Amino acid sequence: MLLVVSADSSRAAVEISGIDEALLENVREYVVDRPDCNADEETVRRYAEELPETVRPALEAFGYYEPDIAAEVQPSTDECWVVHAAIDEGPRISIEDVSVELSGEAEHDSLFHALFESFPLEPGDPLLHGPYQRFKDRVEVLARQRGYLEAEFTERLVEVYADRGTADITLTYDSGPRYRFGEVVFDADALSDEVLNDFLRFDEGDPYSAALVARLQRELTASQYFLEANVIADLDAAENGKIPVVVDIVADRARSYSVGVGYSTDDGPRLHFSYDNERRNRAGHQLHAEALLARVRQTATFDYRVPVGNPQTDWWSFRAGLGREEIDAGVSAAARLGVRRTQVRRYLTTTRFLDALFEQDEVADGGFSTQMLIPGMSWVRTYRDDLIRPREGHRVSLTASAGISSEVSLLQVDLAGKWVMATPWDARVLVRGRIGAIAEDGDFEDVPLSMRFFAGGDNSVRGYDYESLGPRNADGDLIGGNRLIEASVEYEHPVRENWSVAAFVDSGNAYLDSGFETRTGAGIGARWFSPIGPVRLDLAWPLDADDPVPELHLSLGPDL
């Protein structure tokens with residue numbers, strides 16, 4: 001293969017022949033400082049004489065220590081000088097012996113042990129300097145990340161025996177002691193020291209880890225308390241085996257308000273108001289209030305949060321809410337008072353709750369009221385590789401609760417999941433499912449309307465109105481069910497950078513104990529991945545309806 005190096009037309013061209021692929025590309029990187037086109041012949045010839053030694057390290061990096069390199073100046077043209085280099089790389093050096101040793105406290109560090117076990121060169125391999133150098137760089141980076149500030153290579157030796165075509169590698173690394181976390185100083189007064197210290201995932205004296213420092217910065221930045229945070233582990237100020245940490249924080253404004261208008265086919269036009277007080281006091285208490293006014297639903301909720309330990313991962317919340325909902329089955333007006341304990345782990349969020357429900361329902365058979373105590377737990381597992389447009393991810397939720405009242409007692413389980421999977425051609429497949437069940441001790445007609453199961457709507461069986469599907473009484477009035485099964489599959493194909501088209505099939509229904517009759521909707525849609533989240537516009541046909549008139553569905557929100 002012949003490679004001509006002449007990106008700059010004002011300088012001499014260098015032709016390289018005899019080698020190809022990665023070796024050729026590496027040699028090209030060493031061809032620098034080419035003579036000007038107006039240079040005299042002596043300067044160009046001297047350049048050609050020096051070229052073999054200039055590019056020799058590029059060949060040695062790939063294990064060729066005895067190359068034959070001949071460079072000569074081609075006859076001059078009117079345009080510029082040309083230097084031709086013919087290269088025969090010669091025999092390749094192979095590795096005969098490898099000795100890689102680790103000493104110091106890092107001998108008992110699992111990450112260091114795994115790194116040294118993965119040394120990339122073995123006896124019989126060609127001698128490649130690139131992997132060898134990258135390994136050394138990784139060792140030094142890991143040492144700083146893990147707090148081995150006195151670490152050094154006490155022996156770094158590559159012995160090449162060109163006469164027999166072999167080489168020996170000797171690497172000895174002494175990590176020295178592992179430094180510990182020193183004092184953590186917070187430069188902030190928005191929260192008490194106790195709350196700030198609860199963000200820490202380490203104590204003074206714990207082994208140093210840059211990953212824990214980075215995690216602290218992420219959690220402080222992600223919290224609703226702070227506008228920005230800068231966590232600095234001052235390695236240069238380390239002494240007595242300890243590394244001090246300084247946390248510079250800018251508090252976010254405590255109070256905020258928002259008012260928004262929107263539309264969805266489930267709710268119709270809607271007005272949303274929210275008030276947030278992220279720092280009620282220096283103990284980190286928070287107050288959130290919101291109200292929603294829509295054709296189908298009207299709600300108002302108040303939530304007071306008290307941190308327990310790390311405010312990002314553990315808290316109590318005390319809630320009060322009012323709600324009214326008007327669906328095909330009737331009208332429900334309810335008040336809830338409750339207390340919750342929420343604990344967040346990497347992927348799993350667990351919530352224990354105890355609610356008091358006061359509800360007045362108007363249904364086809366008349367009106368009734370309910371006073372019910374509802375203890376329960378919920379688990380939510382979420383993973384996504386992107387917030388706005390995940391290519392891989394899932395969200396699975398399970399809620400189990402009991403209802404205790406004088407009229408009826410019940411147990412309710414609700415399991416829902418959604419999975420997003422990417423195809424090799426950049427499309428996505430979205431699969432959704434939900435199963436719910438109620439076991440009641442008493443008459444079903446005494447179960448509050450807000451706890452019954454219905455199907456239909458934007459996030460259920462498209463093609464049917466919101467919560468319009470379910471069992472009906474002898475007069476044909478919708479009453480809801482104590483069982484629910486739903487499933488959906490959707491294929492989404494990109495057409496432009498932020499636009500996709502979709503085709504989908506939804507199926508399911510609510511039912512009473514037995515007699516499940518599935519209802520299916522299918523259709524097409526458009527997706528716009530806007531800066532504030534995906535916007536979905538779907539046209540769905542109710543395949544089981546007597547008159548399958550298409551239903552338009554519009555919704556906004558994240559996929560997971």
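It should be noted that the structure appears before, not after, this text.
Note that the structure is predicted; figures quoted are calculated from it, not measured.

## Notes on the overall build of the protein
At step 1: Of the regular secondary structure elements, the protein holds six helices and 26 strands.
At step 2: The C-alpha atoms of the protein give a radius of gyration of 35 Å, which is well past the 24 Å a tight globule of 560 residues would have.
At step 3: With respect to the principal axes defined by its C-alpha atoms, the protein has extents near 105 × 65 × 45 Å.
At step 4: Burial analysis of the protein (560 residues in total) assigns 42% to the buried set.
At step 5: Taking as baseline every contact in the protein between residues at least 6 positions apart, the subset at least 24 positions apart corresponds to 54%.
At step 6: In the protein, the 54 positive side-chain charges and the 100 negative ones have mean positions that sit 6 Å from each other.

## A short note on the pairing of strand E4 (residues 82–88)
At step 1: With respect to burial, E4 is a largely interior element, five of its seven residues being buried.
At step 2: Relative to E4, strand E2 (residues 13–17) is paired through five bridges, and the arrangement is parallel. Following the sheet pairing, Val14 is matched in E4 by Val83.
At step 3: Note: strand E3 (residues 68–73) against E4, six bridges, orientation antiparallel. Pairing of Ala70 across the sheet is with Ala86, part of E4.

## Details of the packing of helix H3 (residues 110–117) against helix H4 (residues 129–146)
At step 1: The interhelical angle for the contact between H3 and H4, taken along N-to-C directions, is 180 degrees, at an axis separation of 11 Å. Here H3 is positioned roughly antiparallel relative to H4, judged by the angle of their axes. Here H3 contributes Leu111, Phe112, Leu115 and Phe116 to the contact with H4, which in turn contributes Phe135, Arg138, Val139, Leu142, Ala143 and Arg146.
At step 2: Residues belonging to the contact of H3 with H4 are distributed by class as follows: eight nonpolar, no polar and two charged.

## So, the packing of aromatic side chains
At step 1: Throughout the structure, instances matching the rule amount to 16 aromatic pairs.
At step 2: Seen in terms of ring centroids, Phe119 and Phe135 are 4.8 Å apart; in terms of plane orientation they differ by 90 degrees. Their pairing is edge-to-face. Taken together, the positions of Phe119 in the loop between H3 and H4 and Phe135 in helix H4 put the pair 16 residues apart, joining distant regions of the chain.
At step 3: With a relative accessible area of 2%, Phe135 lands in the buried category.
At step 4: Note that Arg340 overlies the ring of Phe353, its terminal NZ or CZ placed 5.1 Å from the centroid.
At step 5: Just above the ring of Phe504 sits the side chain of Arg462; from NZ or CZ to the centre is 3.8 Å.

## Re the state of the cysteines
At step 1: Applying the stated rule across the entire model yields one disulfide.
At step 2: For Cys37, the disulfide goes to Cys80, at an S-S distance of 2.0 Å. Negative torsions about the S-S bond denote left-handed disulfides, and the value of about -100 degrees found for Cys37 with Cys80 makes this one left-handed. Separated by 43 residues along the polypeptide, Cys37 in the loop between helix H1 (21–30) and helix H2 (41–60) and Cys80 in the loop between E3 and E4 bring together distant segments of the chain.
At step 3: Judged by its relative accessible area of 23%, Cys37 falls in the partly exposed class.

## A look at a nonpolar patch on the surface
At step 1: There is a patch of nonpolar side chains on the surface, built from Tyr257, Val259, Val261, Leu271, Phe273 and Leu293 and spanning about 650 Å² of accessible area.
At step 2: Residue assignment for the nonpolar patch shows that the elements contributing at least two residues are strand E11 (255–264) and strand E12 (268–277).
At step 3: It is E11 that contributes the most residues to the nonpolar patch, three residues altogether.
At step 4: With respect to the secondary-structure elements, Tyr257 resides in strand E11.
At step 5: Overall, the relative accessible area of 58% leaves Tyr257 in the exposed class.

## Observations concerning helix H6 (residues 210–222)
At step 1: Look at H6: 18 Å from first C-alpha to last across 13 residues, which is about the 18 Å you get at 1.5 Å a residue.
At step 2: Inspection of H6 places Val213, Leu216, Glu219 and Leu220 among the buried residues, and these make up the whole buried set. Viewed along the axis of H6, the buried residues span an arc of 130 degrees, placing them on a single side of the element. For H6, exposure combined with an orientation more than 90 degrees from the buried face picks out Ala211, Arg218 and Ala222.
At step 3: Among the structural elements, strand E8 (180–187), strand E9 (226–233) and strand E10 (242–251) are those in contact with the buried residues of H6.
At step 4: Between a side-chain oxygen at the N-terminus of H6 and the backbone nitrogen of Ala211 the separation is 3.3 Å; the capping residue is Ser209.

## Remarks on the sheet that holds strand E7 (residues 166–174)
At step 1: Here we have three strands laid out as an open sheet, ordered E5-E7-E6, and mixed in their pairing. On the outer flanks of this sheet lie strand E5 (94–103) and strand E6 (152–161), each paired with one strand and no other. Direction aside, the axes of adjacent strands within the sheet are offset by 5 degrees on average.
At step 2: Alignment of E6 against E7, held across nine bridges, turns out to be antiparallel. Bridge assignment links Leu157 to a residue of E7, and that residue is Thr170.
At step 3: Lying on the sheet, H3 is in contact with E5 and E7; it crosses E5 at an angle near 170 degrees.

## Observations concerning the pattern of salt bridges
At step 1: One pass over the structure, following the stated rule, counts 32 salt bridges.
At step 2: Ionic pairing is found between Arg432 and Asp506, a salt bridge with its closest N-O pair at 3.5 Å. You can see Arg432 sitting in strand E21 (residues 428–441) and its partner Asp506 sitting in strand E23 (residues 499–511), a full 74 residues away along the chain. In this pair, the class of Arg432 matches that of Asp506, namely buried.

## Some words on unusual backbone geometry
At step 1: Positive phi, normally seen in glycine, also occurs at Glu21, with a value near 55 degrees.
At step 2: On the secondary structure map, Glu21 appears in helix H1.
At step 3: Overall, Glu21 belongs to the exposed group, its relative accessible area being 62%.
At step 4: Residue Asn240 is not a glycine yet carries a positive backbone phi of 55 degrees.
At step 5: For Asn240, the position within the fold is in the loop between E9 and E10.

## Here we look at the pairing of strand E18 (residues 366–384)
At step 1: As paired elements, strand E17 (residues 348–363) and E18 share 16 bridges and run antiparallel to each other. Paired with Asp361 across the bridge in E18 is Phe368.
At step 2: Linking E17 to E18, which pair antiparallel, is a turn of two residues.

What counts, and at which threshold
- Residues numbered from 1 in each chain as written.
- Predicted model: local features only at pLDDT ≥ 70, side-chain atom pairs only at ≥ 80, totals over all residues.
- Heavy atoms only, no water.
- Helix = DSSP H or I, 4+ residues; strand = E, 2+ residues; numbered from the N terminus.
- Rg over C-alpha atoms; globule rule 2.2 N^0.38 Å.
- Buried < 20%, exposed > 50% of the residue type's maximum accessible area, 1.4 Å probe, protein only.
- Contact = heavy atoms within 4.5 Å.
- Lys, Arg positive; Asp, Glu negative; His and termini not counted.
- Charge placed at Lys NZ, Arg CZ, Asp CG, Glu CD.
- Pairing = 2+ DSSP bridges.
- Axes fitted to C-alpha atoms, helices over the stretch in contact; angles between N-to-C directions.
- Parallel < 35°, antiparallel > 145°, perpendicular 65-115°, else oblique.
- Nonpolar A, V, L, I, M, F, W, Y, C, P; charged D, E, K, R; others polar.
- Phe/Tyr/Trp six-rings, centres within 6.5 Å; stacked < 30°, edge-to-face > 60°.
- Lys NZ or Arg CZ within 6 Å of the ring centre and 35° of its normal.
- Disulfide = S-S within 2.5 Å.
- Patch = residues over 30% accessible without salt bridge, like charges linked within 9 Å, V, L, I, M, F, W, Y side chains within 5 Å.
- Areas by Shrake-Rupley, 256 points an atom, 1.4 Å probe, with all protein chains shown as cover.
- Salt bridge = Lys/Arg side-chain N within 4 Å of Asp/Glu carboxyl O.
- Expected span 1.5 Å × (residues − 1).
- Arc of directions from axis to C-beta.
- Polar contact = N/O pair within 3.5 Å; in protein donor to acceptor, adjacent residues only side chain to side chain.

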